[in-house]
Amino acid sequence: MNSKFPFVYCLTSFVLALVVGCVSEPECAIHGNAPAEKAVYADYKAAMQAIWSLRGKDKDAAAAAADQAAALAKTPDEKSEALFRKGDLYWNNRGDARQEKFGLEALQVEGISARRRAVSVCDLLKKYYAVKGKQGLADAEKLVGETLARADFTDKFSIVQVTVAIANLEFDHFQVEKAEKRLADLEKIEGVYLHDVVRARAVRLDAGLADEPHGVDPGVVGGLP
């Protein structure tokens, strides 16, 4: 019997270790290795920069940084841009509904400038509605109609940008007459010149403001004043 004692002792110790391990693991989850707290940013600029540094590593953390940036914003344009950046985190070539959700929230911020509004509208047209087929075109035309009808949307170049953006989408859907009429109607607006239309059509939002780090003036699209 005595010769078997070491084996029995070892077996008992092993079972006890398993039991202790099973008990202690959930306790560690509760008391020990708690989830890391969300980062807290000192100011708007720091939060906006964090979006760029985190977007390719941790989308949830980048979105949280965007929420903080919106809360820390001191102007309507800053808050709108933070929400715009949050929506852009979800861009893909199939069209993620979260991009539209936060993109539209960016447009709902009261008091934003016409140029800030134009950037968001054009980005939604180019990146989201463009991949949504006929329904995307209908939604884009509705958004543009509402935008152009706003009493505070009077900046000439912003009007040109938005009109050219929807005309380009209509061209893509073979709505040629409709698109050409939009562009022709621009010539009737006092203060709008052919140069403005050409410049707006040359702007590529995907290579311009939509992909610039924070610090670019939201009124400057693709580096153009």
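Quick caveat, the model's predicted, so the values are computed rather than measured. Think of each chain on its own: its residues are numbered from 1, step by step along the sequence as written. Since the coordinates come from a predicted model, pLDDT governs what is reported: local features require at least 70, and pairs of side-chain atoms require 80 or more to be given and counted, while whole-chain, interface and lining totals use all residues. No hydrogens and no water enter the side-chain calculation; it runs on all heavy atoms of the structure.

The next thing to look at is the nonpolar core. In plain words, nonpolar cores are sets of buried Ala, Val, Leu, Ile, Met, Phe, Trp, Tyr and Cys residues tied together by side-chain atoms within 4.5 Å. Only protein chains enter the calculation, and the probe is 1.4 Å; a residue is then buried if its accessible area is under 20% of its type maximum, exposed if over 50%, and partly exposed in between. Among the nonpolar cores identified, the biggest contains 29 residues, and Leu 125, Tyr 129 and Leu 186 are the most heavily contacted of them. A run of H or I in DSSP becomes a helix once it reaches four residues, and a run of E becomes a strand once it reaches two; helices and strands are each numbered from the N terminus. For this core, the elements supplying multiple residues, two or more each, are helix 6 (114-128), helix 7 (133-148), helix 8 (156-172), helix 9 (176-186) and helix 10 (194-202). With nine residues, helix 8 is the single largest residue contributor to this core. Any two residues whose heavy atoms approach within 4.5 Å are treated as being in contact. Look past the residues within four positions of Leu 125 in its chain and what remains in contact with it is Ala 130, Ala 140, Leu 143, Val 144, Ala 165, Ile 166 and Leu 169. Ranked by size, the runner-up nonpolar core spans 23 residues in total, among them Leu 54, Ala 66, Ala 82 and Val 119.

This part covers empty space enclosed by the protein. A pocket, in this scheme, is an open set of points on a 1 Å grid over the protein atoms alone with protein on both sides within 12 Å along at least 5 of 7 lines, while a cavity is a set where a 1.4 Å probe fits but cannot get out; residues line either one if an atom lies within 4 Å of a point. Grid points are joined across faces, edges and corners, and a volume is the space filled by probe spheres set on the points. Under the definition given, this model contains one cavity of 30 Å³ or more. What the largest cavity holds in volume is close to 50 Å³. Taken together, Phe 84, Gly 87, Asp 88, Gln 99, Gly 103, Ser 120, Asp 123 and Leu 124 make up the full set of residues lining the largest cavity. Counting residues per element, the ones that place at least two in the lining of the largest cavity are helix 4 (76-88), helix 5 (97-107) and helix 6.

Right, let's get into helix 3 (residues 59-72). By this rule, a helix spans an expected 1.5 Å times one less than how many residues it contains. Under the 1.5 Å per step criterion, the end-to-end length of helix 3 is 20 Å for 14 residues, consistent within 8% with the ideal 20 Å. Ala 62, Ala 63, Ala 64, Ala 65, Ala 66, Ala 69 and Ala 70 are the residues of helix 3 that are buried. On the buried face of helix 3, the contacting elements are helix 2 (44-54) and helix 4. The definition of a polar contact used here is a pair of N or O atoms within 3.5 Å, where within protein one atom must be able to donate a hydrogen and the other to accept one, and adjacent residues in sequence count solely through side-chain atom pairs. If you check the start of helix 3, you find a side-chain oxygen 3.2 Å away from the backbone N of Asp 60, and it comes from Asp 58.

Mean pLDDT over the protein chain: 80, with 72% of residues reaching 70 or higher. As a per-residue quantity, pLDDT reports the predictor's confidence and falls between 0 and 100. pLDDT under 50 marks residues 18-36. Its contacts with residues more than four places away, or in other chains, come to two contacts. Counted against residues more than four places away or in other chains, residues 204-225, with its pLDDT under 50, gives 53 contacts.

So, on to the side chain of Glu 100. Checked against the element boundaries, Glu 100 lands in helix 5. Charged residues are defined here as Lys and Arg on the positive side and Asp and Glu on the negative side; His and the ends of the chain fall outside this count. For this document, the term salt bridge refers to a Lys or Arg side-chain nitrogen within 4 Å of an Asp or Glu carboxyl oxygen. Lacking a salt bridge, the buried Glu 100 has Lys 132 as its closest oppositely charged neighbour, with an N-O distance of 7.5 Å. In contact with Glu 100, other than residues within four places in its own chain, are Leu 124, Tyr 128 and Tyr 129.

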